[in-house]
Amino acid sequence: MVVIGGGNAALVSAMSAHDQGAKVLVLERADRTFRGGNSRHTRNIRCVHQSADAYNTGAYPFEELWRDLCGVGTGPSDEHLAELTVRESETAPEWMTAHGALWQPPLAGTLHLGMTNRFFLGGGKALMNAYYRQLARRGVPVAYETTVERLCFEGDRCSSVLVRNGGQTHRIRARAVVCASGGFEANLDWLGRYWGDAARNYHIRGPRFNDGLVLQQLLDNGAAVAGEERGFHSVAVDARSPKFDGGIATRIDSIPFGVVLNRDAERFYDEGEDIWPKRYAIWGRNLAGQPDQIGYSFWDSKVQGRFLPPMYGVHRADTIGKVAAAMGLNPAAAEDTITGFNRAVPPDAAQRFDPTTLDGVATRDLLPVKSNWAQPLDTPPYYGIAMRPGITFTYMGVKVSSRARVQLQDDREFVNVFAAGEIMSGNVLSSGYLAGFGMTIGTVWGRIAGREAARYAL
Ligand SMILES: Cc1cc2nc3c(=O)[nH]c(=O)nc-3n(C[C@H](O)[C@H](O)[C@H](O)COP(=O)(O)OP(=O)(O)OC[C@H]3O[C@@H](n4cnc5c(N)ncnc54)[C@H](O)[C@@H]3O)c2cc1C
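Analysis parameters
- Residues numbered from 1 in each chain as written.
- Predicted model: local features only at pLDDT ≥ 70, side-chain atom pairs only at ≥ 80, totals over all residues.
- Heavy atoms only, no water.
- Helix = DSSP H or I, 4+ residues; strand = E, 2+ residues; numbered from the N terminus.
- Contact = heavy atoms within 4.5 Å.
- Domains from an automatic or database assignment.
- Buried area = accessible area lost by both parts, 1.4 Å probe.
- Buried < 20%, exposed > 50% of the residue type's maximum accessible area, 1.4 Å probe, protein only.
- Arc of directions from axis to C-beta.
- Expected span 1.5 Å × (residues − 1).
- Pairing = 2+ DSSP bridges.
- Axes fitted to C-alpha atoms, helices over the stretch in contact; angles between N-to-C directions.
- Salt bridge = Lys/Arg side-chain N within 4 Å of Asp/Glu carboxyl O.
- Phe/Tyr/Trp six-rings, centres within 6.5 Å; stacked < 30°, edge-to-face > 60°.
- Lys NZ or Arg CZ within 6 Å of the ring centre and 35° of its normal.

Right, let's get into the environment of Gln134. By secondary structure assignment, the location of Gln134 is in helix 5 (residues 123-138). Along the sequence, Gln134 and Tyr382 sit 248 residues apart, while their C-alpha atoms lie 50 Å from each other. Those residues in contact with Gln134, other than ones at most four positions away along the chain, are Met15, Ala98, His99 and Gly100.

Have a look at this one:
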């Protein structure tokens, strides 16, 4: 059987199928250095656990994870499959450990996720390397720089895949196929269908390989769609970050500590709406909705050092106007907006400021309100950074059964085609996202897809 992809969902599928005794070939588009897809950028996974241990600071029972999942966006898209994902997450860490994963206790700068999420020692890259080592030890071959371009069907069965490698096309016959090739976030033309020209200004946090080629093949051959076409996870990233593959280090975390202006030097959204772990993932979308898809975060020296520092450095000056000018913003307009903001901050704001909780220190008579941590920007030096939407991954994918079989539009299913990870995350996520749940989806569904594909192939 073949597994398409070389990230978390693919490697978990390959190991899971091999555990069942199947003969597996992994087809990874990237080269050996850049193998591992989005998964190599990750840091943690969110799983149900009944008690604290060396890697989680407290219990996180099913009900709590389920409540958290239902609380994001419009809730799970398919309750049955989402519930299955949450339930199966409980055994994921043990399985991962048995397949080479190493863990670390949560450190500072981990978005306060120590109770709910488990952190990979050395991050996602180390986890992927450990999984690749496992495959090598088991004698499972990985074909790098191998792009699956076509799935060939005979009725409801995929009989072979056409791959491109070294400038040549080869046909690979397979008894079963697991599609774990990620979303279509790196395909700006595809994003442009739903977002228009704005998509040109998006940065893609992961590799350029996740362009949805395999997903498109499945849809063209009658697979049913799961998830919203405009659904994606996105954050604010440094506008100077690379167009692709900037990874985790380009994320900007200054937003709740200051004020965000758009291209016209106007505020447009409540920077203090909720605690940062619950809100960081709406800022990509907020920026996507602004003119030219750009925003500017300003703060002052009172809060400098309270968040992870931007990796390319910041603009710093003794007036707001100079910081604005350095970023190409109208200095007088930026000064005006921030003066207005400062006037709306309550006089006792400094005494009540508490960045560790929703402190309720809100602006008055200002639209949009800043509902927590409203502090005047009055203490030089002032700081600023330009931000763009950074797309993490898309949600729209193919519909699957509880056995990870890809469903057809007419309620039948492909008999030997399975899917795991981002390519089917739309079965679980609708519009919102829960930090660490992308790896949960890949691990839970990779295990199921690998097992079921092996059952069919053997
Ligand atoms: C910066 C960043 C940080 C993140 N942090 C976290 C985190 O801490 N926790 C978390 O849960 N989630 C996190 N995520 C989300 C997470 O990365 C994804 O949910 C998860 O990695 C998806 O796994 P996957 O295997 O489905 O896709 P991927 O890991 O993206 O793998 C897709 C694979 O398919 C290959 N491929 C694509 N097209 C083809 C083709 N045509 N032929 C052959 N191969 C192909 C790619 O090369 C790649 O190897 C983060 C994402 C990013 C970008």
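This part covers the domain arrangement of the chain. Each assigned domain of the chain is listed with its residue range as follows: domain 1 (2-229 + 395-457) and domain 2 (234-390). The distance between the C-alpha centroids of domain 1 and domain 2 comes to 34 Å. Between domain 1 and domain 2, the contact holds 21 residues from the first and 23 residues from the second. With both sides pooled, the region where domain 1 packs onto domain 2 buries about 2100 Å², and carbon together with sulfur makes up 57% of that total.

Here we come to helix 6 (residues 188-195). One full turn of an α-helix is made of 3.6 residues, so residues set three or four places apart face in the same direction. Regarding helix 6, the residues found buried are Leu188, Trp190, Leu191, Tyr194 and Trp195. Along the long axis of helix 6, the arc covered by the buried residues comes to 155 degrees, so they all point the same way. Relative to its buried face, helix 6 has exposed residues pointing more than 90 degrees away, namely Asp189 and Arg193. Turning to helix 6, the residues buried within the fold contact strand 11 (203-204), helix 7 (213-220), strand 13 (232-238), helix 9 (283-288) and strand 17 (382-394). Looking one or two places after helix 6, you find Gly196, whose phi comes out positive at around 65 degrees.

Let us look at unusual backbone geometry. Residue Pro368 is reached from Leu367 by a cis peptide bond, and omega for that bond is -10 degrees. With respect to the helices and strands, the residue Pro368 is situated in the loop between helix 12 (349-352) and strand 17. That bond from Pro380 to Pro381 is cis: its omega, 0 degrees, falls within 30 degrees of zero. Secondary-structure assignment places Pro381 in the loop between helix 12 and strand 17. Although it is not a glycine, Glu145 sits at a positive phi angle of roughly 50 degrees. Within the secondary structure, Glu145 is located in the loop between strand 6 (142-143) and strand 7 (147-154). With relative accessibility at 51%, the residue Glu145 sits in the exposed group. Here Asp292, not a glycine, exhibits a phi torsion of approximately 60 degrees, which is positive. Under the relative-accessibility criterion, Asp292 is labelled partly exposed at 40%.

Its 21 residues place the ends of helix 13 (residues 437-457) 29 Å apart at the C-alpha level, agreeing with the 30 Å of an ideal helix rising 1.5 Å per residue. In terms of burial, helix 13 is largely enclosed, as 17 of its 21 residues are buried.

Hydrogen bonds between backbone groups are what pair the strands of a sheet, and the pairing can be parallel or antiparallel. The mixed open sheet is built from 6 strands, whose spatial order is 6-2-1-10-20-19. In this open sheet, the two strands that pair with only one neighbour each are strand 6 and strand 19 (405-407). The pairing of strand 1 (residues 2-4) with strand 2 (residues 25-27) spans 3 bridges and is parallel. Bridge pairing in strand 2 links Val3 to Val26. Contacting strand 1, strand 2 and strand 10 (177-179), helix 1 (residues 8-19) runs over the sheet at an angle of about 165 degrees to strand 1.

Another point: the pattern of salt bridges. For the structure shown, the criterion picks out 22 salt bridges. Arg46 is paired through a salt bridge with Asp68; the nearest N and O atoms lie 3.8 Å apart. Of the two residues, Arg46 is situated in strand 3 (residues 44-46) and Asp68 in helix 2 (residues 62-71); the sequence distance between them amounts to 22 residues. Residue Arg46 is classed as buried on the basis of its relative accessible area of 5%. Two residues, Asp264 and Arg263, come together in a salt bridge whose shortest N-O distance is 3.1 Å. Since its relative accessible area comes to 36%, Asp264 is described here as partly exposed. Of the residues examined, Arg263 reaches a relative accessible area of 38% and is grouped as partly exposed. Connected through salt bridges with shared partners, the residues Asp156, Asp410 and Arg412 form a single ionic network.

This part is about the packing of aromatic side chains. For the structure shown, the criterion picks out 15 aromatic pairs. Pairing Phe184 with Trp190 gives two aromatic rings, centres 4.2 Å apart and planes at 20 degrees, and the pair type is stacked. Of the two residues, Phe184 and Trp190, neither departs from the other in class, the shared state being buried. Ring pairing ties together the aromatic residues Phe257, Trp299, Phe307 and Tyr383, which thus form one cluster. In this arrangement the basic side chain of Arg118 is found over the ring face of Trp103, its NZ or CZ atom lying 4.7 Å from the centre. Across from the ring centre of Trp195, 3.9 Å away, lies the NZ or CZ of Arg230, which sits over that ring.

Turning our eyes to something else, we now look at the sheet that holds strand 3. What the 3 strands build is an open sheet, ordered 3-5-4; its pairing is antiparallel. Here the strands that pair on one side only, and so sit at the sheet edges, are strand 3 and strand 4 (103-104). Bridge count for strand 3 against strand 5 (residues 117-120) is 3 bridges, and the pairing is antiparallel. Paired with Ile45 across the bridge in strand 5 is Arg118.

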